[in-house]
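Structure assessment
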Amino acid sequence: MPDLSPTIDSELEHIYSNFSGIDPEVVAVETSAGVSPNDSSTIMGISWINTLNVAVQYESAYMEFDTSGITSTPESATLKIYPQDVQDGGTDFYVCRAYLASAGTIVAGDLDAYVKTGPSSGTSFSNIVKYSSKVESLTEDEMNSITLNSTALADMVSRDEFQIALVTYHIIDDDLGGITDGSEDGFNIRSQDHSTSAHRPVLSYELPSVPIPN
């Protein structure tokens with residue numbers, strides 16, 4: 001089973017100072033992160049934080065893999081991540097299709113990469129494409145495998161840069177249920193720059209079987 005490491009990865013985060021009436025569909029199409037990305041950080045956050053119903057802060061993790069060498073649709077694929085620092089039980093999330101503005105780099109303007117249909121397209125909540133089922137449970141401080149769906153497998157062939165975003169369910173499911181004053185739901189995952197190589201993100205895939213000639 002071949003493994004691919006990210007060519008680049010980073011978290012992006014944004015803070016809304018007015019919680020009243022906040023709409024996840026509006027959050028999703030926000031065009032630029034409030035904090036500049038750090039593509040050399042050793043960890044990346046996935047979270048949804050409500051600061052006493054005064055402000056909301058959320059973090060999503062973005063990765064790009066070089067899939068130019070994949071020419072046949074894989075039999076299967078998994079994204080492997082290493083979660084740590086789980087807060088309030090963590091948060092459910094999805095792996096989603098993303099379109100970064102430029103291959104090989106992540107900028108603040110890529111915050112809305114998962115609501116696009118191309119690198120320079122417009123944004124719409126209806127553009128969200130899930131590459132996984134909702135990820136509802138992870139084991140802290142060990143490698144976890146997330147199964148990717150058939151849409152992801154097809155994109156691994158059609159796109160030379162396979163770009164993904166890991167986004168909390170609050171946004172993807174358009175669901176603010178369960179949020180209480182001062183809640184802090186999320187966790188960090190280790191990035192491609194972490195000192196322990198075995199804990200870095202990996203895209204693993206199974207090549208299609210080749211019939212044995214008679």
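Everything that follows concerns the structure shown earlier in this document.
Residues numbered from 1 in each chain as written. Predicted model: local features only at pLDDT ≥ 70, side-chain atom pairs only at ≥ 80, totals over all residues. Heavy atoms only, no water.

Attention now goes to the overall build of the protein chain. Along its length, the protein chain carries three helices and 11 strands. The secondary structure elements of the protein chain, listed N-terminal to C-terminal, are β-β-α-β-β-β-β-β-β-α-β-α-β-β. Relative to the 2.2 N^0.38 estimate, which gives 17 Å for 214 residues, the radius of gyration of the protein chain is 17 Å and therefore close to what a compact globule would have. Across its three principal directions, the C-alpha atoms of the protein chain cover 70 × 40 × 30 Å. Within the span of the protein chain, comprising 214 residues, buried residues form 49% of the whole. Summarising the internal contacts of the protein chain: among those between residues at least 6 apart in sequence, 81% fall at separations of at least 24. Accessible area for the protein chain stands at about 9,400 Å²; split by element, carbon and sulfur atoms hold 45% of it. Averaging the locations of the 8 positively and 32 negatively charged side chains of the protein chain gives two centres separated by 6 Å. (Helix = DSSP H or I, 4+ residues; strand = E, 2+ residues; numbered from the N terminus. Rg over C-alpha atoms; globule rule 2.2 N^0.38 Å. Buried < 20%, exposed > 50% of the residue type's maximum accessible area, 1.4 Å probe, protein only. Contact = heavy atoms within 4.5 Å. Areas by Shrake-Rupley, 256 points an atom, 1.4 Å probe, with all protein chains shown as cover. Lys, Arg positive; Asp, Glu negative; His and termini not counted. Charge placed at Lys NZ, Arg CZ, Asp CG, Glu CD.)

The probe, sized like a water molecule, is rolled over the atoms to show the empty space still left. When its volume is computed, the largest pocket comes out at roughly 150 Å³. Gly89, Gly90, Thr91, Ser137 and Leu138 are the residues nearest the centre of the largest pocket, which is lined by 14 residues in total. Of the residues contributing to the lining of the largest pocket, the split by class is six nonpolar, five polar and three charged. (1 Å grid on protein atoms, 1.4 Å probe; cavity = no way out; pocket = protein on both sides within 12 Å on 5 of 7 lines; lining within 4 Å. Points joined across faces, edges and corners; volume = space filled by probe spheres on them. Nonpolar A, V, L, I, M, F, W, Y, C, P; charged D, E, K, R; others polar.)

Our next topic: the sheet that holds strand E11 (residues 202-206). Read across the open sheet, the four strands follow the order E1-E11-E5-E8; overall the sheet is antiparallel. Since the sheet does not close on itself, it has two edges, and those belong to strand E1 (3-4) and strand E8 (144-147), each with one partner. The pairing of strand E5 (residues 76-81) with E8 spans four bridges and is antiparallel. Counterpart to Leu79 in the pairing with E8 is Ile146. (Pairing = 2+ DSSP bridges.)

It is worth spelling out the pairing of strand E10 (residues 184-190) at this point. Burial analysis of E10 places six of its seven residues in the buried class, which makes it a mostly covered element. Direction of pairing for strand E6 (residues 83-87) relative to E10: antiparallel, over a ladder of three bridges. The partner of Gln87 across the bridge, within E10, is Gly186.

Now for the packing of aromatic side chains. Inspection of every chain in the model, using the stated rule, returns three aromatic pairs. Here the aromatic rings of Phe93 and Phe187 are separated by 5.7 Å at their centres, their planes lie at 55°, and the arrangement is tilted. Taken as a pair, Phe93 in strand E7 (residues 93-97) and Phe187 in strand E10 lie far apart in primary sequence, 94 residues in all. Residue classification places Phe93 among the buried residues on the basis of a relative accessible area of 0%. (Phe/Tyr/Trp six-rings, centres within 6.5 Å; stacked < 30°, edge-to-face > 60°.)

On to helix H2 (residues 150-158), then. What H2 keeps buried is the set Ala152, Leu153, Asp155 and Met156. In an axial view of H2, the angular spread of the buried residues amounts to 165°, which keeps them on one side of the axis. The exposed set on the far side of H2, more than 90 degrees from its buried face, consists of Ser150 and Ser158. In this structure, the buried residues of H2 make contact with E5, E7, strand E9 (161-168) and E11. With a side-chain oxygen positioned 3.2 Å from the backbone nitrogen of Thr151, the residue opening H2 is Asn149. (Arc of directions from axis to C-beta. Polar contact = N/O pair within 3.5 Å; in protein donor to acceptor, adjacent residues only side chain to side chain.)

In this structure, Ser60 sits in strand E4 (residues 55-66). Relative accessible area serves as the criterion here: at 0%, Ser60 is assigned to the buried category.

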